[in-house]
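Commentary on secondary and tertiary structure
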Amino acid sequence: MSLPAFTDLYKGLIKLPSISSSDSSWDQSNLAVINQLAEWLGDLGFAIDITEVTAAPGKFNLVATLGKGDGGLLLAGHTDTVPYDEGKWQTDPFTVTEKDNRFYGLGTIDMKGFFAFVIEALKTMEREKFTKPLRILATADEETTMSGAQQISEQKHFKPDYAVIGEPTGMVPVTMHKGHMSEGIRITGRSGHSSDPDKGLNAIDVMHLVLSELKKVQQTFKDKYHNPHFEVPYPTLNFGAITGGDSPNRICGCCELHIDMRPIPGVTTTELFITVKQALSEIEKRYPNSVEVFHLHEPIPSYECPIHSDLIDNAEIYTGNKATSANYCTEAPFIQALGCDTIVLGPGHIAQAHQPNEYLDLSFVKPTQAVIEKLIQRYCV
């Protein structure tokens, strides 16, 4: 069976909805995308392994392998997309529309389209000459929990030498990025009539104390940590959302704050979490059983590829771009846990991701395919 042309590969992936969301009304399985990739990669001679993600029933990972043994190259990406703003799209998000030398569609750069590049590059390569294995990894739920990549990081069946994650970097090698933590702080007070506030415990009053301490933590992060490779060179702590109370004539019985923290390489998620807990310890003593700090999702660590990696050197040569860092977060720390030097490198720009009218500029097509071919030649032939 002959594989579809490049444009048809792209269309075939984008037309299969695979939205990942913490909102169950949006959340979808990615199995249709996984099955389509399995068919195409199977036609190229790859052995296919599809595994359900334990932490996300109905979501699946795919590992396609050409060759045997450890070593070689892993090309990785996620199969899910974010939800979309229906009224703001000028085209059907699930139909690739070619216009103004661009492909428009949900997932064109973030990042189902990357798999079309890989398959197109492999069509004309002499795959029988590979001396080390090439693996293609397609994961689930990157846009929410990263549970697919986390499950892959725990497996012991293969260990590549090098890995490339095809997120949209403008074909600039990204070799380090910050982590991501979403934490909840819940204050449980005692409600009552507002005419006598001292008879209750106002959760908003306690949260005011919490906010004051966390402002100090923000400054501690700036003073204690520094990494010059980032535009914002320290871990950040952002107050993202706060809710509390139900009526002006009631003492507020519950108040909840959600914060976002971004650890830099060399600083663990545990260290930042403990810093927050310690900052609130006196408040916890003053109001026993009233302050709860908890993860909204499992923390995602920061990531850094070894600076002297052969992969970085060659990616810079093949792309003509100097390696850099990124403030956003990817699956890289989990992929690198397999024991392989890992970079993030792919077509399109992150500025187009998570936006209405997401698109791939077609000027990326030939350069991206050339880089993929060179990487495969370097590490598999």
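Refer to the preceding data block for the structure.
Below or above, wherever it landed, is the structure these notes cover. Please read all numbers here as calculations on a predicted model, not as lab measurements.

1. A few points about the overall build of the protein
Scanning the protein from N- to C-terminus turns up ten helices and 16 strands. Relative to the 2.2 N^0.38 estimate, which gives 21 Å for 381 residues, the radius of gyration of the protein is 23 Å and therefore close to what a compact globule would have. Along the first, second and third principal axes, the C-alpha atoms of the protein reach 80 × 45 × 40 Å. Within the span of the protein, comprising 381 residues, buried residues form 55% of the whole. Sequence-distant contacts, at least 24 apart, represent 81% of the contacts inside the protein between residues at least 6 apart.

2. A short note on the packing of aromatic side chains
Taken as a whole and assessed by the stated rule, the structure comprises ten aromatic pairs. Note on W26 and Y84: the rings are 5.3 Å apart at their centroids and 75° apart in plane angle, and the pair reads as edge-to-face. Here the residue W26 occupies a position in the loop between α1 (6-14) and α2 (31-43), and Y84 occupies one in the loop between β3 (73-78) and β4 (97-99), the gap between them amounting to 58 residues. Given a relative accessible area of 18%, Y84 falls into the buried group. Three or more aromatic residues link up through ring pairs in this structure, and these residues are F6, Y10, F103 and F117. The positively charged end of R102 is found above the aromatic ring belonging to Y359, 3.9 Å away from the centroid.

3. Considering the layout of surface pockets
The volume enclosed by the largest pocket comes to roughly 510 Å³. Along the walls of the largest pocket sit 23 residues, with V82, E142, E143, C329 and H354 positioned nearest its centre. Tallied by class, residues from the lining of the largest pocket come to eight nonpolar, ten polar and five charged. Looking at the second largest pocket, its volume works out to about 240 Å³. What lines the second largest pocket is a set of 13 residues, among which T175, M176, H229, I307 and A323 lie closest to the centre. No other element matches helix α8 (residues 310-319), which puts three residues into the lining of the second largest pocket. Taken together, the residues that form the lining of the second largest pocket break down as five nonpolar, four polar and four charged.

4. A few points about helix α3 (residues 113-123)
When you tally the buried positions in α3, you get ten out of eleven residues, the bulk of the element. Considered for burial, the residues of α3 that qualify are G113, F114, F115, A116, F117, V118, I119, E120, A121 and L122.

5. Topic: unusual backbone geometry
Omega for the bond connecting D110 with M111 falls within 30 degrees of zero, at -15°, which places this linkage in the cis form. Topologically, M111 is positioned in the loop between β5 (102-104) and α3. The phi angle at M171 is positive, at roughly 60°, despite the residue not being glycine. As for its placement among the helices and strands, M171 is situated in the loop between β7 (162-165) and β8 (174-177). Here N357, not a glycine, exhibits a phi torsion of approximately 60°, which is positive.

6. Here we look at empty space enclosed by the protein
According to the stated counting rule, one finds one cavity of 30 Å³ or more in the structure shown. Here the largest cavity is characterised by a volume of approximately 40 Å³. The biggest single contributor to the lining of the largest cavity is helix α10 (residues 365-380), with four residues.

7. Details of the packing of α8 against α10
Their axes nearest at 10 Å, the elements α8 and α10 cross at an angle of 145°. Our pair here, α8 against α10, has a crossing hand that is right-handed. The segment α8 lies against α10, with D310, L311, N314, Y318 and T319 engaging V371, K374, L375, R378 and Y379. The residue makeup of the contact of α8 with α10, split by class, is five nonpolar, two polar and three charged.

8. Quick word on the nonpolar core
If you look at the biggest cluster of nonpolar residues, it comprises 74 residues, and the most contacted ones within it are L73, L134 and I376. For this core, the leading source of residues is α3, giving eight residues. In contact with I376, other than residues within four places in its own chain, are L73, L75, L122, M125, F130, L134 and V381. Grouped together as the second largest cluster of nonpolar side chains are 31 residues, M176, M207, Y225 and V293 included.

The rules behind the values
Residues numbered from 1 in each chain as written. Predicted model: local features only at pLDDT ≥ 70, side-chain atom pairs only at ≥ 80, totals over all residues. Heavy atoms only, no water. Helix = DSSP H or I, 4+ residues; strand = E, 2+ residues; numbered from the N terminus. Rg over C-alpha atoms; globule rule 2.2 N^0.38 Å. Buried < 20%, exposed > 50% of the residue type's maximum accessible area, 1.4 Å probe, protein only. Contact = heavy atoms within 4.5 Å. Phe/Tyr/Trp six-rings, centres within 6.5 Å; stacked < 30°, edge-to-face > 60°. Lys NZ or Arg CZ within 6 Å of the ring centre and 35° of its normal. 1 Å grid on protein atoms, 1.4 Å probe; cavity = no way out; pocket = protein on both sides within 12 Å on 5 of 7 lines; lining within 4 Å. Points joined across faces, edges and corners; volume = space filled by probe spheres on them. Nonpolar A, V, L, I, M, F, W, Y, C, P; charged D, E, K, R; others polar. Axes fitted to C-alpha atoms, helices over the stretch in contact; angles between N-to-C directions. Left-handed = near helix turned anticlockwise from the far one by under 90°. Core = buried A, V, L, I, M, F, W, Y, C linked by side-chain atoms within 4.5 Å.

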